[in-house]
Structures are given as C-alpha cells and as structure tokens.
Amino acid sequence: MNSPVRRAAMAAAAAATAVSLAACGSGEPDDKGDEPKKGPLNIGLLLPEKETARYEKFDRPLIEERIKELAPGATVTYLNAEQDATEQKRQVNLLIAAQVDAIILGAVDTWTISSSVEKAEDEGIPVVAFDRLAEGPIDGYASFDNEEVGRVQGKALLEALGGTAKDGRIVMMNGAITDPNAQLFKKGAHSVLDGKVDIGKEYDTREWKPENAYNNMEAAATAIGTDRIIGVYSANDGMAGGVIDALKAVGVSKLPPVTGQDAELAAVQRIVAGEQFMSVYKPYAPEAAAAAEMAVALANGEKLDSIAKSEVDSPTKAGIPSVLVPVVSLTKDNIDDTVVKDGVYTVAEICTPKYRSACEALGLE
C-alpha cells in the first residue's frame, strides 16, 4: 500500500537517521555484552506502529524516562516502523551501524525480524523483546501473560451475557496474524468461551486496524443477522471501535457487549457511555520499566537474574528471561480505581461534555 512518494520519503528519512545515529553512537561495541559499558549508554528503541495509541502516548515516554533514571546521560534512539516490517529491518540495521549498546524491540512481524535479531547478536548487541515475543536469539522479554488477557476477555463476555449465552451467536474479531500475542489472546479466549457460546463467525486479520474490524463485522451481520448477534469478542480497543461503528451502521439500536484491550481513552469513554462492555487494562509502567531495566543491565554486561523471575520459550529459543505483568478487566465499575487512580487519564480527559452525564451517573466527577 506504500506509494512511490511514501517509499522515497521513508528512504530519505532512513538515510537522515543513519547520519544522526552515527553522530550519537557510543563508541566500540562491547564483546557480546560481556564487558561493562564505558561511557554513556545508547539504547535503541524500536516500536511497531502508531495505530494503537499506547505506543506513542505511554510506552515510549515511560521507557525513555526509566532508561535515563537508570543510566544518567544515556541516549535513547527512537524509531517507529509504522506497521512496515521491511522498514523495521532497516531500522535495526541503522542501530547496529550506530553501535548502540542494546535494543528494545517491539516487533511488527515477529518472524520476519528474526534475521535482524541474529545480526544484532553477531555484532554483540543484546535485544530485549517488548510486548511481542520476537523470534531469534532474544536476550530478554517484557510483556503480559497474553493467554490470561484472552481469558479475562472471555470471562467478561460470559459475565455480560449471563443467562443469554446460548440465545444467539457471538462474533470473534481476533488480532493480527503477524503478532504472536494475538494467537495467545485467541487461545485464552477460546479456553473460556468454547462450549459456552455459539461462535457464528471468527476473523483473523493482517493488521490491527479498526477498518478491518468494521468490514468483517458488516460481513458477519449480513451472514448471521443483526438480531442473532448477542456479543462480540474483540481482541483490542481499536477493533472494538470498528465493530461498534459497523453495528451502528447496519442499524443495531441496542449494542451487544463488546470486549477490548489496551484501555485506550476512546474505549474508556465508550465504556462510560455503555457502548463497549470492557477493556483489558494493562499497566504500562511496570512493563516499560522492566524492558528498560533489562536493556540497561544487558548493555552493562550484567545478567538478568535480579530483574526477570520467569522464563518463556519462543519458536526459536527456549528459556528467555521474562517479566510478565498482571492485567485487569476494566469495566464501568472500576474506571476510578484503575486508569484514573494510576494517572493514565484524568476524570476531565474522560468526562468531556459528550460523556459528562454518563460520568456523573457512574460517580466519575
């Protein structure tokens, strides 16, 4: 879908970035990360996309802040692939050429990036997988228990359906096939939903895009019938928004319960308004802190024993030191005790004039 103009712009940006990265490089790389780093650290931070609000709004600033707390004077070289796996491979090459001391990687495509992870290892640069478990010789991993995310979503949907769980059909709107987390969400959800609901339609998608969910939901409504759809499992909030818009467009007046994930502001507002039943609140601060702490430790030639208390296996590597942060089911009943209490959003941000009366009804004032 990239136009020649966009490809040219991306190439020019990559060239400019290469110059700036070379200028801020931190000297000779350590030997496979075994020797303590001398001088200020340069940590590369690669995030996958901007479609999901969390990466720019929360993850980037939290990671940068924690790195600079742990390593005063450190440089954080940030690049976003904007859902382009090929571009992300180029970005890894740029970081390797700049001799960064470690890379935090939120992969666009966890399989495609594996050769780049191998190249970083060959150059003695450790890689911490962030949020998505990239393949290849990953040195550390910070994320959430992603099967539990799916179980939390499935349990919430069953709770919302109550005694009507067998009175119609649900639609499952799963995530991106390039994201291994999406398969774990799906697995967790099925472990709860199978046998308790009738799944009328189920969709996997290439990218986490609301418009994909919109189109799939329209197709599901035509195939099943709007009066037969009693609930929708949506793997994240962006797609939940697409699902809800599609249901409105096909004339559904009373929306069925819809799940989500990421506690995006728009989703929290939909929950307040009664349009979306729930989201999964994933506390970003501890996940970001864990990734930063692992990257700084590895850059300094240190082990991760004091940081990572568990291990996970990828298709290409076993026993990856990991930090898995617990998640919370976010509904209208606990907005104040979760995203407001944790400082993710203020009541003023949530309760704009459009949502003020609904907020007052929930005691959000």
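Residues numbered from 1 in each chain as written. Predicted model: local features only at pLDDT ≥ 70, side-chain atom pairs only at ≥ 80, totals over all residues. Heavy atoms only, no water.

### Here's the deal with the pattern of salt bridges
Convention followed: Basic side-chain nitrogens of Lys or Arg form a salt bridge, by our definition, when they fall within 4 Å of a carboxyl oxygen of Asp or Glu. Strands here are runs of E lasting at least two residues and helices are runs of H or I lasting at least four, both read from the DSSP assignment and numbered beginning at the N terminus. Relative accessibility decides the category of a residue: with a 1.4 Å probe and only protein chains considered, values under 20% of the type maximum give buried, values over 50% give exposed, and everything between is partly exposed.
Under the defined criterion, the tally for this structure stands at 19 salt bridges. In this structure, the salt-bridge partner of R66 is E293, at a minimum N-O distance of 3.1 Å. Separated by 227 residues along the polypeptide, R66 in helix α2 (residues 54-70) and E293 in helix α10 (residues 284-299) bring together distant segments of the chain. Note on R66: relative accessible area 25%, which makes it partly exposed. Between K209 and E207 there is a salt bridge; the shortest N-O distance is 3.2 Å. Linked by salt bridges that have partners in common, R54, D59, D131 and E287 make up one network.

### What about the sheet that holds strand β5 (residues 140-144)?
Note the threshold: By definition, two strands form a pair when at least two bridges between them are found by DSSP. For helices, the axis comes from a line fit to the C-alpha atoms of the stretch in contact; other axes are also lines fit to C-alpha atoms, and the angle between any two N-to-C directions lies between 0 and 180 degrees. Note on definitions: a residue-residue contact is assigned when non-hydrogen atoms from the two residues lie within 4.5 Å.
Read across the sheet, seven strands follow the order β2-β1-β3-β4-β5-β11-β10 without closing on themselves; strand pairing throughout is mixed. Two strands lie at the open edges of the sheet, namely β2 (75-80) and β10 (310-312), each paired on one side alone. Averaged over all neighbouring strand pairs, the angle between strand axes comes to 25 degrees, with direction disregarded. Looking at chain direction, strand β1 (residues 42-47) and strand β3 (residues 102-105) are connected through four bridges and run parallel. From the neighbouring strand, G44 faces β3, where its bridge partner is I103. Where helix α3 (residues 85-97) meets the sheet, it contacts β1, β2 and β3, and its direction lies at approximately 180 degrees from that of β1.

### Focus on the sheet that holds strand β6 (residues 169-176)
In space, the three strands of this open sheet follow the order β7-β6-β8, with parallel pairing throughout. Bordering the open sheet on either side are β7 (199-205) and β8 (229-234), each of which pairs with just one other strand. Sheet twist, expressed as the mean angle between neighbouring strand axes with direction ignored, is 10 degrees. Sheet analysis places β6 next to β8, joined by five bridges and oriented parallel.

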